[in-house]
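# Inside the fold
One-letter residues, chain by chain:
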Amino acid sequence: MSEETGGPAILVLEDGRVFRGRSFGATGETFGEAVFNTGMTGYQETLTDPSYHRQIVAMTAPHIGNTGVNDDDPESGRIWVAGYVVREPARIPSNWRAQRTLDEELRRQNVVGIALTGTRALTRHLRDRGAMRAAVSTVETDPEALLARILEQPRMAGSDLAAEVSTDGAYEILPPEGVATRFHVAAVDLGIKAMTPQRLAERGCRVTVLPASATAEEILALDPDGVFFSNGPGDPATADRPVEAMRGVLDSGKPLFGICFGNQILGRSLGLGTYKLPFGHRGVNQPVIDTRTKKVAITSQNHGFAVDAPLDAPFDTPYGRAEVSHIGLNDQVVEGLRLLDRPVFSVQFHPEAAAGPHDAAELFDEFVDLMSDQPAPAAK
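Residues numbered from 1 in each chain as written. Predicted model: local features only at pLDDT ≥ 70, side-chain atom pairs only at ≥ 80, totals over all residues. Heavy atoms only, no water.

### Observations concerning the UniProt feature "active site" (unreviewed entry) in the protein
Listed under "active site" (unreviewed entry) in the UniProt record, and renumbered for this structure, are Cys-260, His-350 and Glu-352. A compact arrangement is adopted by the annotated residues: their sequence extent is 93 residues, whereas the largest C-alpha distance between any two is 11.4 Å. Along the chain, Cys-260 turns up in the loop between strand E14 (256–259) and helix H9 (261–269). Looking at Cys-260, the relative accessible area reads 1%, which means it is buried. In this structure, Cys-260 is in contact with Asn-231, Asn-302, His-303, Val-347, Gln-348, Phe-349 and His-350, ignoring residues within four places of it in sequence. Assignment of secondary structure puts Glu-352 in the loop between strand E20 (344–347) and helix H10 (362–372). (UniProt positions renumbered as here; feature names shortened; annotations may be inferred. Helix = DSSP H or I, 4+ residues; strand = E, 2+ residues; numbered from the N terminus. Buried < 20%, exposed > 50% of the residue type's maximum accessible area, 1.4 Å probe, protein only. Contact = heavy atoms within 4.5 Å.)

### Some remarks on H10
Buried within H10 we find Leu-363, Phe-364, Phe-367, Val-368, Leu-370 and Met-371. Down the axis of H10, the buried side of the element spans an arc of 155 degrees, and every buried residue falls inside it. Looking at the buried side of H10, the elements it contacts are strand E11 (183–188), helix H6 (195–201), strand E12 (205–210), strand E13 (226–229), E14 and E20. (Arc of directions from axis to C-beta.)

### Some thoughts on the UniProt feature "binding site: L-glutamine" (unreviewed entry) in the protein
Per the UniProt record, "binding site: L-glutamine" (unreviewed entry) is annotated on Ser-51, Gly-232, Gly-234, Phe-261, Gln-264, Asn-302, Gly-304 and Phe-305. Spanning 255 residues, the named residues form one tight spatial group whose C-alpha atoms are at most 13.3 Å apart. Relative to the helices and strands, Ser-51 is located in the loop between helix H1 (43–47) and strand E4 (55–59). In this structure Ser-51 touches Asn-231, Gly-232, Pro-233 and Asn-302, once residues within four positions along its chain are discounted. Residue placement: Phe-305 occurs in strand E16 (residues 296–308). Those residues in contact with Phe-305, other than ones at most four positions away along the chain, are Met-156, Ala-157, Gly-234, Asp-235, Pro-236, Gln-264, Tyr-275, Lys-276, Leu-277 and Gln-348.

### Structural notes on the packing of helix H8 (residues 240–252) against H9
The axes of two packed helices give the description: the angle between them and the distance between them. Interhelical geometry of H8 versus H9 gives an angle of 70 degrees and a closest axis separation of 9 Å. Relative to H9, the element H8 is oriented roughly perpendicular. Of the residues in H9, those in contact with Asp-240, Pro-242, Val-243, Met-246, Arg-247 and Leu-250 of H8 are Gly-262, Ile-265, Leu-266, Arg-268 and Ser-269. The class makeup of the residues in the contact of H8 with H9 is six nonpolar, two polar and three charged. (Axes fitted to C-alpha atoms, helices over the stretch in contact; angles between N-to-C directions. Parallel < 35°, antiparallel > 145°, perpendicular 65-115°, else oblique. Nonpolar A, V, L, I, M, F, W, Y, C, P; charged D, E, K, R; others polar.)

### Some remarks on the environment of Leu-311
Within the fold, Leu-311 resides in the loop between E16 and strand E17 (315–317). Between the C-alpha atom of Leu-311 and that of Glu-366, which follows or precedes it by 55 residues, the distance is 22 Å. In contact with Leu-311, other than residues within four places in its own chain, are Val-324, Ile-327, Gln-332 and Val-334.

### Quick word on the pattern of salt bridges
For the coordinates displayed, the defined rule picks out 22 salt bridges. The partner of Arg-149 in a salt bridge is Glu-29, and the shortest N-O contact between them spans 2.5 Å. Of this pair, Arg-149 sits in helix H4 (residues 143–150) while Glu-29 sits in strand E3 (residues 29–37), and the two are 120 residues apart along the sequence. Classification of Arg-149 as partly exposed rests on a relative accessible area of 32%. We note a salt bridge from Glu-362 to Lys-295, for which the minimum N-O separation is 3.4 Å. Here Glu-362, found in helix H10, pairs with Lys-295, found in the loop between strand E15 (273–290) and E16; they are 67 residues apart in sequence, far enough to count as distant. (Salt bridge = Lys/Arg side-chain N within 4 Å of Asp/Glu carboxyl O.)

### A look at the packing of aromatic side chains
Enumeration over the complete set of coordinates arrives at five aromatic pairs. Between Phe-257 and Phe-364, the ring centres sit 5.9 Å apart and the planes meet at 80 degrees, which makes this aromatic pair edge-to-face. Taken together, the positions of Phe-257 in strand E14 and Phe-364 in helix H10 put the pair 107 residues apart, joining distant regions of the chain. We note that Phe-257, like Phe-364, is buried. The ring of Trp-80 carries the charged tip of Arg-78 above its face, separated from the ring centre by 3.8 Å. Here Lys-276 stacks its cationic end above the ring of Phe-305, 5.7 Å away from the centre of that ring. (Phe/Tyr/Trp six-rings, centres within 6.5 Å; stacked < 30°, edge-to-face > 60°. Lys NZ or Arg CZ within 6 Å of the ring centre and 35° of its normal.)

### Considering the nonpolar core
If you look at the biggest cluster of nonpolar residues, it comprises 33 residues, and the most contacted ones within it are Leu-190, Ile-219, Phe-229, Leu-250, Ala-309 and Leu-337. Every element with two or more residues in this core is listed here: E11, E13, H8, H9, strand E18 (320–328) and strand E19 (334–339). Per-element tally for this core: the top contributor is H8, with five residues. Aside from chain neighbours lying at most four places away, what touches Leu-190 is Ala-162, Val-165, Ala-212, Phe-229, Ser-230, Asn-231, Gly-232, Pro-233, Pro-242, Phe-261 and Ile-265. The next biggest cluster of nonpolar side chains, apart from the first, holds 23 residues, and it includes Val-185, Ala-187, Val-347 and Leu-363. (Core = buried A, V, L, I, M, F, W, Y, C linked by side-chain atoms within 4.5 Å.)

### Brief notes about the sheet that holds E3
Strand pairing in a sheet is mediated by backbone hydrogen bonds. Such pairs are either parallel or antiparallel. Spatially, the seven strands close up into a barrel ordered E1-E2-E8-E6-E4-E3-E9, and their pairing is mixed. Between one strand axis and the next, the sheet turns by 35 degrees as a mean value, whatever way the strands run. Along the sheet face, H4 touches strand E1 (8–13), strand E2 (18–25), E3 and strand E9 (132–137) and points at about 45 degrees away from the line of E1. (Pairing = 2+ DSSP bridges.)

### Some points on a nonpolar patch on the surface
On the surface, a nonpolar cluster with roughly 210 Å² of combined accessible area is contributed by Val-296, Ile-298 and Leu-329. Checked against the element boundaries, Val-296 lands in strand E16. (Patch = residues over 30% accessible without salt bridge, like charges linked within 9 Å, V, L, I, M, F, W, Y side chains within 5 Å. Areas by Shrake-Rupley, 256 points an atom, 1.4 Å probe, with all protein chains shown as cover.)

### Topic: unusual backbone geometry
In this structure, Arg-54 is a non-glycine residue whose phi angle is positive, near 70 degrees. The topology assignment puts Arg-54 in the loop between H1 and E4. For Arg-54, a relative accessible area of 22% translates into the label partly exposed. Backbone geometry places Gln-332, a non-glycine residue, at a positive phi of 65 degrees.

Dropping the structure here:
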């Protein structure tokens, strides 16, 4: 372990399971939902993804921190994970872009972590028992005392978190130099990752990012060519305001694209239900199949909830017929929705994946194509 790895630390799960290790990152204690991420790379993207708000993330890759930390790759302005669990922190980072060690960054942002040899046992336990409340502490040595406090923490089911991670005010992302502006996209920030508007900007979109509280009237007042709903944390069953806003956008007929939490919001807007997955999908190796083309993509995912929709045939909604566009090959979870009579679609995975894979990046092109197909505005 790195020289910075400190004294004793414990990880306690709400079912009483205890894991002992060494302090990594900041000292203190933290509470959250224990989940695991199967990605072999992209730990900086994971740490700064707002969708991980209030979660203690265990990495299944054995060595974490090998490439250090830089100021170019974060997906937001801060680390959002509640706590961090690794097996073996890198002794010395080795990458020409590294500006500091992962341990230094965790301490700088006061993120409590633990290095323990039992990450495989922890992952198997969460896979069998499901994601659950947990705590990491470097100051409390009595697991029973920590467990009592864990049981007082709120569960992820029923948590409304998007507003806690969203932007406070609107801002714009412009196309890079040399790329002509073709479209204006209004993006609702439910926990957006920085690479998402960047991917749209690369395709000639001026992106206005709006807070999670944005209403349909505020979105449509911008007269955008298309509307985007982002990823984000929490239980979609609590997200009544984004659902109301999306229904207003659907009524307008504007092209609409949603990812991750945005997919769940579309599901609810169409009258579908959502439910909590046992342990969720978190990593960069999740296979999904396109129900039309039968093409399989390896995707980046981070979600603990899913949409409940018929997999085998189109179904009726208040906005016309719809179908499940993508299905997860590991467990048959709904991975995408598409309206058949309107320019609307969503996916449960992350096509912008900064650390990869990039199999699904063409979905941004599909959104641009939908905007291109719309009638030109009438001359004023």
